Amino acid sequence: MARAVMLQGTSSNVGKSVLAAALCRVFYRAGYRVAPFKSQNMALNSGATPDGGEMGRAQLVQAYAAGVQPRVEMNPVLLKPTAHARSQVILLGRPVGNLGAREYHGNFNQELWRHVEAAYATLDKEFEVIVIEGAGSPAEVNLKAGEIANMRVAKMAGAPVLLVADIDRGGALAAIVGTLELLDDDERELVAGLIINKFRGDMDLLQPALDFLERKTGKPVLGVIPFLAHGLPEEDSVVLERAAARPTAPGEVEIAVIKLPCIANFTDFDALAREEGVNLRYVEDKNALGKPDLIILPGSKNTIGDLLWLRQRGLEEAVKELAARGTLVVGICGGYQMLGREIADPGHVETDHDGVDGMDLLPVRTVFEPTKATNLVQGRVTGTGPFLGPLQGLEVKGYEIHMGASSLVEGRPAFKITRRGNTPVDIDDGAQSPDGLVWGTYIHGIWDNDAFRHRILAVLRARRGLSGRAGGLEFAADLERRFDVLAATVARHLDLKRLAAIMGLDRPLAGEGFGA
């Protein structure tokens, strides 16, 4: 039976996911077999597991931090918001329907509870430690009776709860006291400690507040975690709202990602954003588009609705004008579908529209289907032109998550899928324009491939007449380094000895640079 600890927050976006990843790495480096768990997640950033299931990006990241392969039991319920206050419900990696909030919280989520229990029980048998992440706040009294993500999970797992507050947004003390006040007595007893997160002030000035908190609540403050520029893949598009665009400096390549209303899997572009000599910015207004070197249309959970939004805001016309002038335009998944000639939805899988005309930049017709493709994939580049041509034959890896099937009307594909999961296949993927300056693919994570990304950036720099190295980031190695730096920082500011005692661990949390 595993020892567990649960991170709950005074609200959403207080940093639970990042702290959970840090703790996964701390336990992993201390020699424990550790797994993450979040019973119910709501996010548009997701990924595929080795066996073809879909789960939230945060739990994928936490699994990597824990040194284990991700599996759907780590996130048994995933809600992917669509238009009109509805969400696609993913249960154990597979879609089971689209529901409104009232329907879901009415009693449908109660039917999912047995799956939550079974998923946790599976992990409980195989791991020594489980790091559980809550959802939102445990004090949402209007939803509390039927919740399946916070205190009900803590009770099921017998997990002590660490309550996390974001001090950077202000009101952290009130949020902690108020949250504890709204909990039932038995729930309050489960809270074993408090964590102040995202601190960037003077500890001497903060100390009286910490002393007050401990007196007022009777709960120990286990740590004050500094504001961290962690660089881990994010799961919530709220981070894009806070991301300030900056002018492109001389010598930089400029990449514009269209910030769609239902943008999905924007972590596809983390590797590009991390490269030196690249300014990647998110754009939702045609006047802000400018004249970038590369325009990317990302994935979407509402492709037709987002295409109509693009059209209404004049962004479609602006993108097509730049494409006609030779700007590289790339579509990933939903963005790829938008670039085609037509998107049909005869079964109203996504919207009430039977279909719409696409942007007509790629010779592709897409038809939405009720069956969802979720696979880890391997393949190779088959396209031509100034960007893909020099890369022909290059092996790439990524994953698919889509509900549409796209067929080439003419021309040639951009990629060939040679493996889905562990199964060899021979499937054409994507499309390109005749000049190779517009192309699209269903392969998420394509930019995580170092050789692929570096070569595309090299061509972009050459077209601008820029000198200097075109990309040198080794993305996977950089992510591993960031896990260790994050874990070491959190370990320095968290009372690991007290945490180990709270959890009843039989070995200290020490190892590879993490002191207890």
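Everything in this summary refers to the structure shown in the same document. None of these values were measured; they are calculated from a predicted model.

### Topic: the overall build of the protein chain
Turning to step 1, where the next piece is worked out: A tally of regular secondary structure across the protein chain gives 17 helices and 26 strands.
Turning to step 2, where the next piece is worked out: Here the C-alpha radius of gyration of the protein chain, 23 Å, is about what a compact globule of 516 residues would show, namely 24 Å.
Turning to step 3, where the next piece is worked out: In terms of its C-alpha atoms, the protein chain occupies a principal-axis envelope of roughly 70 × 50 × 45 Å.
Turning to step 4, where the next piece is worked out: For the protein chain, the residues scored as buried account for 58% of the 516 residues in total.
Turning to step 5, where the next piece is worked out: For the protein chain, the share of sequence-separated contacts (at least 6 apart) that also reach a separation of at least 24 residues comes to 73%.

### A closer look at the sheet that holds strand S10 (residues 161-166)
Strand pairing within a sheet occurs via backbone hydrogen bonds; the two strands may be parallel or antiparallel.
Turning to step 1, where the next piece is worked out: Within the open sheet, the six strands sit side by side as S2-S9-S1-S10-S11-S12. Their pairing is parallel. Looking at the sheet topology across the chains shown, the edges are occupied by strand S2 (34-37) and strand S12 (221-226). Geometrically, the sheet is characterised by an average inter-axis angle of 20° between neighbouring strands, direction not taken into account.
Turning to step 2, where the next piece is worked out: In terms of strand pairing, strand S1 (residues 3-9) meets S10 through four bridges, oriented parallel. Bridge pairing in S10 links glycine 9 to valine 164.
Turning to step 3, where the next piece is worked out: Where helix H1 (residues 16-29) meets the sheet, its contacts fall on S1, S2, strand S9 (129-133), S10, strand S11 (191-199) and S12, and the angle it forms with S9 comes to roughly 175°.

### Quick look at helix H15 (residues 450-464)
Turning to step 1, where the next piece is worked out: Between its first and last C-alpha atoms H15 spans 21 Å; for 15 residues at 1.5 Å apiece the expected length is 21 Å, and the two agree.
Turning to step 2, where the next piece is worked out: Downstream of H15 by a residue or two, glycine 465 has a phi angle that is positive, lying close to 75°.

### Section: the nonpolar core
Turning to step 1, where the next piece is worked out: Counting residues in each nonpolar core, the largest one holds 65 residues, and the members touching the most others are Ile255, Leu289, Phe415, Trp447 and Phe452.
Turning to step 2, where the next piece is worked out: Listed in part, the 47 residues of the second largest apolar core include Met6, Val191, Ile196 and Val221.

### Quick notes on the pairing of strand S24 (residues 423-429)
Turning to step 1, where the next piece is worked out: Of the pairings in the sheet, the one linking strand S23 (residues 415-420) to S24 comprises five bridges and is antiparallel in character. Residue pairing across strands places arginine 419 opposite proline 424, the latter belonging to S24.
Turning to step 2, where the next piece is worked out: Counting the residues between successive antiparallel strands, the hairpin from S23 to S24 contains two residues, one of them, glycine 421, with a positive phi of roughly 60°.

### Focus: the side chain of threonine 489
Turning to step 1, where the next piece is worked out: Its location among the elements puts threonine 489 in helix H16 (residues 475-493).
Turning to step 2, where the next piece is worked out: Since its relative accessible area comes to 11%, threonine 489 is described here as buried.
Turning to step 3, where the next piece is worked out: Sequence-distant contacts of threonine 489, defined by excluding residues within four places in its chain, comprise Pro226 and Leu228.

### Here's the deal with the sheet that holds strand S3 (residues 40-42)
Turning to step 1, where the next piece is worked out: One open sheet holds the four strands; their spatial order is S3-S6-S7-S8, and the pairing between them is mixed. The sheet terminates laterally at S3 and strand S8 (94-100), the two strands that pair on one side only. Going across the sheet, the axis of each strand differs from the next one's by a mean of 25°, ignoring polarity.
Turning to step 2, where the next piece is worked out: As judged from the six bridges shared by strand S7 (residues 86-91) and S8, these two strands associate in the antiparallel manner. The partner of serine 87 across the bridge, within S8, is leucine 99.

### So, the packing of aromatic side chains
Turning to step 1, where the next piece is worked out: The full count for this structure, using the stated rule, is eight aromatic pairs.
Turning to step 2, where the next piece is worked out: Both rings, one in phenylalanine 37 and one in tyrosine 120, keep their centres 5.2 Å apart while their planes meet at 75°; by these two values the pair is edge-to-face. Linking phenylalanine 37 in strand S2 with tyrosine 120 in helix H3 (residues 101-126), this pair joins segments that are 83 residues apart in sequence. Here phenylalanine 37 matches tyrosine 120 in class, with each residue buried.
Turning to step 3, where the next piece is worked out: Put simply, the rings of Phe415, Trp439, Trp447 and Phe452 pair up and form one aromatic cluster.
Turning to step 4, where the next piece is worked out: Geometry around tryptophan 113 places arginine 152 over its ring, the cationic atom sitting 4.2 Å from the centre.
Turning to step 5, where the next piece is worked out: Across from the ring centre of phenylalanine 227, 3.8 Å away, lies the NZ or CZ of arginine 200, which sits over that ring.

### So, the environment of leucine 112
Turning to step 1, where the next piece is worked out: Within the secondary structure, leucine 112 sits in helix H3.
Turning to step 2, where the next piece is worked out: Along the primary structure leucine 112 and proline 76 are separated by 36 residues, whereas in three dimensions their C-alpha atoms are 8.9 Å apart.

### Structural notes on unusual backbone geometry
Turning to step 1, where the next piece is worked out: Backbone geometry places leucine 92, a non-glycine residue, at a positive phi of 50°.
Turning to step 2, where the next piece is worked out: Inspection of the secondary structure puts leucine 92 in the loop between S7 and S8.
Turning to step 3, where the next piece is worked out: We note that cysteine 333 has phi near 55°; this positive angle belongs to a residue other than glycine.
Turning to step 4, where the next piece is worked out: In this fold, cysteine 333 is placed in the loop between strand S18 (328-332) and helix H13 (334-339).

### Notes on the pattern of salt bridges
For side chains of opposite charge, pairing can occur when their charged atoms come near one another.
Turning to step 1, where the next piece is worked out: The final tally for this structure, using the stated rule, is 30 salt bridges.
Turning to step 2, where the next piece is worked out: A salt bridge links glutamate 284 to lysine 259; its shortest N-O distance comes to 3.8 Å. Within this pair, whereas glutamate 284 is found in the loop between strand S15 (278-283) and helix H10 (286-289), its partner lysine 259 is found in the loop between strand S13 (253-258) and strand S14 (263-264), the two being separated by 25 residues in sequence.
Turning to step 3, where the next piece is worked out: Between arginine 311 and glutamate 316 there is a salt bridge, and its shortest N-O distance comes to 2.7 Å.
Turning to step 4, where the next piece is worked out: Salt bridges linked by common partners bring Arg25, Arg29, Glu480 and Asp484 together as one network.

### Quick notes on the packing of helix H5 (residues 172-182) against helix H7 (residues 203-217)
Turning to step 1, where the next piece is worked out: Relative to each other, H5 and H7 sit at 10°, their axes nearing to 11 Å. With respect to each other, H5 and H7 are oriented roughly parallel. Taking contact as the criterion, the partners of Leu173, Ile176, Val177 and Leu180 in H5 are, on H7, Ala209, Phe212, Leu213, Lys216 and Thr217.
Turning to step 2, where the next piece is worked out: When the residues that make up the contact of H5 with H7 are grouped by side-chain class, the tally is seven nonpolar, one polar and one charged.

About the cut-offs
- Residues numbered from 1 in each chain as written.
- Predicted model: local features only at pLDDT ≥ 70, side-chain atom pairs only at ≥ 80, totals over all residues.
- Heavy atoms only, no water.
- Helix = DSSP H or I, 4+ residues; strand = E, 2+ residues; numbered from the N terminus.
- Rg over C-alpha atoms; globule rule 2.2 N^0.38 Å.
- Buried < 20%, exposed > 50% of the residue type's maximum accessible area, 1.4 Å probe, protein only.
- Contact = heavy atoms within 4.5 Å.
- Pairing = 2+ DSSP bridges.
- Axes fitted to C-alpha atoms, helices over the stretch in contact; angles between N-to-C directions.
- Expected span 1.5 Å × (residues − 1).
- Core = buried A, V, L, I, M, F, W, Y, C linked by side-chain atoms within 4.5 Å.
- Phe/Tyr/Trp six-rings, centres within 6.5 Å; stacked < 30°, edge-to-face > 60°.
- Lys NZ or Arg CZ within 6 Å of the ring centre and 35° of its normal.
- Salt bridge = Lys/Arg side-chain N within 4 Å of Asp/Glu carboxyl O.
- Parallel < 35°, antiparallel > 145°, perpendicular 65-115°, else oblique.
- Nonpolar A, V, L, I, M, F, W, Y, C, P; charged D, E, K, R; others polar.

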